[in-house]
Amino acid sequence: MTLSNTLEICANSFSSALEAEKGGANRVELCENMAEGGTTPSYAQIKLCKKKLNIQVWPIIRPRGGDFLYSNDEFELIKEDIKICKSLNCDGVVTGILLANGEIDKIRCAELIDLAKPMPVSFHRAFDMSNDLEKALEDLIELGFVRVLTSGGANNAVEGIKAIAELVKLANGRIEIMPGAGINPNNIQEIATQTCAINFHSSARLFVKSKMEYRNQTTKMGSIEDEYQYQQTSAELVKKMIEQLG
């Protein structure tokens, strides 16, 4: 991987973050609850990652799954979590808020960026849910976000590859455009070539089978079909993506 390319791994746990570092990732976006697109990780997860990892740790600040239109109470939660990340010396935070009409909530986002200082702030895929990607991009640049994660408004980065390429041109170095959603060792090189992006985002996850010997087959804890497995970042997948980037 060249010095200009950056691979960020969306790590859903401390164990995933360790695998990301082992595989050679530059940065982790630390989160939990990836089935809902990622929510704010626990204090302990953040603290342990900052203590044990040598790569950058950027927690996602998202109080719940679903949309990105937040109540006043939820906004207060976001602010408190940003303060926690500052106290733990995080390298940055990842967040995003929209208005009901699909525009970037510039007033609240400006408040969060000011609160986070000196930590930089990245905007997550709430961007893909905005009503006008070009206008949203200019809003994020004006606000001072350093990076935006996007699939080009599509279901995944491959389907949105043309839109991502256009966003990279429009950004013109004013903000980092980071393709994400469905990126893996088989497509990262194509996405890099066609979009001219140099920052990439992947979860690089595999299923890990439970070591439980006794298994209760008559009840479940949630809605996941097989609860005797979980997903975790794979150092080998991370390494393969870095190799593909050259």
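Residues numbered from 1 in each chain as written. Predicted model: local features only at pLDDT ≥ 70, side-chain atom pairs only at ≥ 80, totals over all residues. Heavy atoms only, no water.

Engineer: What exactly am I supposed to notice about the packing of aromatic side chains here?
Structural biologist: Geometry of an aromatic ring pair is reported as the spacing of the ring centres plus the angle between the planes. Scanning the model with the defined rule gives one aromatic pair in all. Where F123 meets F145, the ring centres are 5.1 Å apart and the plane angle is 90°; that geometry is what we call edge-to-face. Note that F123 is positioned in strand β5 (residues 121–123) and F145 in the loop between α5 (133–143) and β6 (147–150), a separation of 22 residues in sequence. Exposure remark for F145: the relative accessible area of 3% places this residue in the buried category. (Phe/Tyr/Trp six-rings, centres within 6.5 Å; stacked < 30°, edge-to-face > 60°. Helix = DSSP H or I, 4+ residues; strand = E, 2+ residues; numbered from the N terminus. Buried < 20%, exposed > 50% of the residue type's maximum accessible area, 1.4 Å probe, protein only.)

Engineer: What's the story with the packing of helix α7 (residues 188–195) against helix α8 (residues 235–245) in this structure? I'm lost.
Structural biologist: Packed helices, taken two at a time, are described by their axes: the angle between them and the distance between them. Across the interface, α7 lies against α8 with an axial gap of 8 Å and an inter-helix angle of 40°. On the basis of their axis angle, the class for α7 and α8 is oblique. Here α7 runs over α8; the crossing is right-handed. Contact residues: I188, Q189 and A192 in α7; M241, Q244 and L245 in α8. When grouped by side-chain class, the residues that make up the contact of α7 with α8 number four nonpolar, two polar and no charged. (Axes fitted to C-alpha atoms, helices over the stretch in contact; angles between N-to-C directions. Parallel < 35°, antiparallel > 145°, perpendicular 65-115°, else oblique. Left-handed = near helix turned anticlockwise from the far one by under 90°. Contact = heavy atoms within 4.5 Å. Nonpolar A, V, L, I, M, F, W, Y, C, P; charged D, E, K, R; others polar.)

Engineer: Explanation requested: the pairing of strand β7 (residues 176–179) in the structure shown.
Structural biologist: Successive side chains on a regular strand alternate, one facing one side of the sheet and the next facing the other. With four bridges connecting them, β6 and β7 associate as parallel partners. Opposite R147, over in β7, you have E176 as the bridge partner. Taken together, β6, helix α6 (residues 161–171) and β7 constitute a β-α-β crossover, and its handedness is right-handed. (Pairing = 2+ DSSP bridges. Right-handed = clockwise from strand over helix to strand, strands pointing away.)

Engineer: How do you make sense of α5 when you look at a structure like this?
Structural biologist: Three or four residues apart is the spacing at which side chains of an α-helix point the same way, because the helix has 3.6 residues per turn. The complete set of buried residues in α5 reads L133, A136, L137, D139, L140, I141 and L143. Each element contacted by the buried residues of α5 is listed here: α4 (106–116), β5, β6, α6 and β7. Of the residues that open α5, the one with a side-chain oxygen 3.2 Å from the backbone nitrogen of E134 is D132. Within two residues after α5, G144 carries a phi angle of roughly 105°, on the positive side. (Polar contact = N/O pair within 3.5 Å; in protein donor to acceptor, adjacent residues only side chain to side chain.)

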